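So the chains spell out like this:
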Amino acid sequence: GGQRSLLVVVDQAEELVVQADARERARFVELLQGAIASPVPVWVLATLRSEFLSASLRDAGLVDFIQDTVLVGPLDRSRLPEVILGPARRAGLEFTQGLVERMVTDTHGGDALPLLAYTLRELYDRERPDPQVITDANYDAIGGVEGALRRRADLVLRDLAECGVADRVLPTLLRLVTVDAEGEPARRRLARSALDAGEFEVVRAFVDARLVVVRQLGGPA
């Protein structure tokens, strides 16, 4: 057959301007440009949050690297029922009448989509009398779209307090975020080796609650 091509996906490329210094950024771009110039056709797809676009365009190396751009806008609210019902049907779940409309009303703007996804997963995992039907009572019990994540975080904090490490929670979580030059919050990766025993206990509790992500067990958080 014909020559195969390679697709390299650089997810959350804003970390190049938020966390990497100029030397690291230049080296990364150099490696990608070298790959593109190789005999094997290489495509690079980078995703970048819109609030970091201006900071990225100030870096000449990144500007030269970008060839084509595609703007992905917020999901139209009219499609939210599809986002909710499609996966539910595949999982064999149903919602009581009017509940989907409540969830759509509670989901405000594109930034709320991760909260909606978390809410749906909480509803999927929750025990209920009829395992195939999600009710308004189930939805209210987890706090709805706006309260599901907060409720879970509060439960994790309570459990950590009972273990005597409540005072380590905020300092540890603050190590996982940073603020860029524009004053926007962004995540910060940490290696497992950068955490002491108490910090790792905190991180593990939030990982188990799906509030913090690790790339691999014992790997970077």
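Computed from a predicted structure; not experimentally measured.

Draft legend 1. Structural view of the overall build of the protein. Helix and strand counts for the protein stand at eleven helices and six strands. With the C-alpha coordinates aligned to their principal axes, the bounding extent of the protein is approximately 60 × 45 × 40 Å. Looking at the protein as a whole, 29% of its 221 residues are labelled buried. Put simply, the protein has 27 plus and 34 minus side-chain charges, and the middle of one group is 4 Å from the middle of the other.

Draft legend 2. Summary view of the pattern of salt bridges. With the rule as written, the count across this model stands at twelve salt bridges. The shortest N-O distance in the salt bridge between Arg102 and Asp140 comes to 2.9 Å. You can see Arg102 sitting in helix α6 (residues 99-106) and its partner Asp140 sitting in helix α8 (residues 136-141), a full 38 residues away along the chain. Its relative accessible area of 31% is what places Arg102 among the partly exposed residues. A salt bridge links Arg121 to Asp125; its shortest N-O distance comes to 3.1 Å. Within this pair, Arg121 and its partner Asp125 are both found in helix α7 (residues 113-125), separated by four residues, close to a single helical turn. Classification of Arg121 by relative accessible area gives partly exposed; the value is 42%.

Draft legend 3. Representation of the environment of Arg89 within the structure. For Arg89, the position within the fold is in helix α5 (residues 80-90). We classify Arg89 as exposed; its relative accessible area is 60%. It is 40 Å that separates the C-alpha atoms of Arg89 and Gln67, two residues lying 22 residues apart in sequence.

Draft legend 4. Spatial organisation of the packing of aromatic side chains. Counted according to the given criterion, the structure contains zero aromatic pairs. One cation-aromatic arrangement involves Arg192 over Phe200; the distance from NZ or CZ to the ring centre is 3.6 Å. A cation over an aromatic ring shows up here: Arg210 above the ring of Tyr118, its NZ or CZ 5.6 Å from the ring centre.

Draft legend 5. Layout of the packing of α5 against α6. Put simply, α5 and α6 touch, their axes get as near as 9 Å, and they point 130° apart. In terms of orientation, α5 lies oblique with respect to α6. Where α5 crosses over α6, the handedness of that crossing is right-handed. Contact residues: α5 offers Leu80, Pro81, Ile84 and Leu85, while α6 offers Val100, Met103 and Val104. Taken together, the residues of the contact of α5 with α6 sort by class into seven nonpolar, no polar and no charged.

Draft legend 6. Summary view of the side chain of Thr172. Note that Thr172 resides in helix α10 (residues 169-174). A relative accessible area of 1% places Thr172 in the buried class. If we skip the residues at most four places from it in the chain, Thr172 touches Glu199, Val202 and Val203.

Draft legend 7. Main features of the confidence of the model for the protein. The pLDDT averaged across the protein works out to 84; a share of 92% of its residues lies at or above 70. Note on residues 217-221: pLDDT under 50 across the span, and 15 contacts to partners over four residues away in sequence or across chains.

Draft legend 8. Quick peek at the nonpolar core. Grouped together as the largest cluster of nonpolar side chains are 17 residues, with contacts concentrated most on Ile84, Phe95 and Met103. A total of four residues in this core trace back to one element, the largest contributor, which is α6. For Ile84, the contacting residues outside a window of four places in its chain are Phe95, Val100, Met103, Val104, Leu116 and Leu120. Of all hydrophobic cores here, the second largest spans 14 residues; its members include Val165, Leu176, Phe200 and Ala209.

Draft legend 9. Looking closely at helix α9 (residues 144-162). A rise of 1.5 Å per residue sets the reference length of α9, with its 19 residues, at 27 Å; its end C-alpha atoms lie 26 Å apart and thus fit the reference within 8%. Of the positions making up α9, those classed as buried are Gly144, Val145, Gly147, Ala148, Val156 and Leu160. Contact partners of the buried residues in α9: α6, α7, α8, α10 and α11 (197-208). Looking at the residues trailing α9, positive phi occurs at Gly164, about 85°.

Draft legend 10. Region of interest: a nonpolar patch on the surface. Taken together, the side chains of Leu48, Leu53, Leu57, Val63 and Ile66 present a nonpolar region at the surface, about 370 Å² in accessible area. By the secondary structure assignment, Val63 is in helix α4 (residues 60-65).

Analysis parameters
Residues numbered from 1 in each chain as written. Predicted model: local features only at pLDDT ≥ 70, side-chain atom pairs only at ≥ 80, totals over all residues. Heavy atoms only, no water. Helix = DSSP H or I, 4+ residues; strand = E, 2+ residues; numbered from the N terminus. Buried < 20%, exposed > 50% of the residue type's maximum accessible area, 1.4 Å probe, protein only. Lys, Arg positive; Asp, Glu negative; His and termini not counted. Charge placed at Lys NZ, Arg CZ, Asp CG, Glu CD. Salt bridge = Lys/Arg side-chain N within 4 Å of Asp/Glu carboxyl O. Phe/Tyr/Trp six-rings, centres within 6.5 Å; stacked < 30°, edge-to-face > 60°. Lys NZ or Arg CZ within 6 Å of the ring centre and 35° of its normal. Axes fitted to C-alpha atoms, helices over the stretch in contact; angles between N-to-C directions. Parallel < 35°, antiparallel > 145°, perpendicular 65-115°, else oblique. Left-handed = near helix turned anticlockwise from the far one by under 90°. Contact = heavy atoms within 4.5 Å. Nonpolar A, V, L, I, M, F, W, Y, C, P; charged D, E, K, R; others polar. pLDDT = per-residue confidence, 0-100. Core = buried A, V, L, I, M, F, W, Y, C linked by side-chain atoms within 4.5 Å. Expected span 1.5 Å × (residues − 1). Patch = residues over 30% accessible without salt bridge, like charges linked within 9 Å, V, L, I, M, F, W, Y side chains within 5 Å. Areas by Shrake-Rupley, 256 points an atom, 1.4 Å probe, with all protein chains shown as cover.

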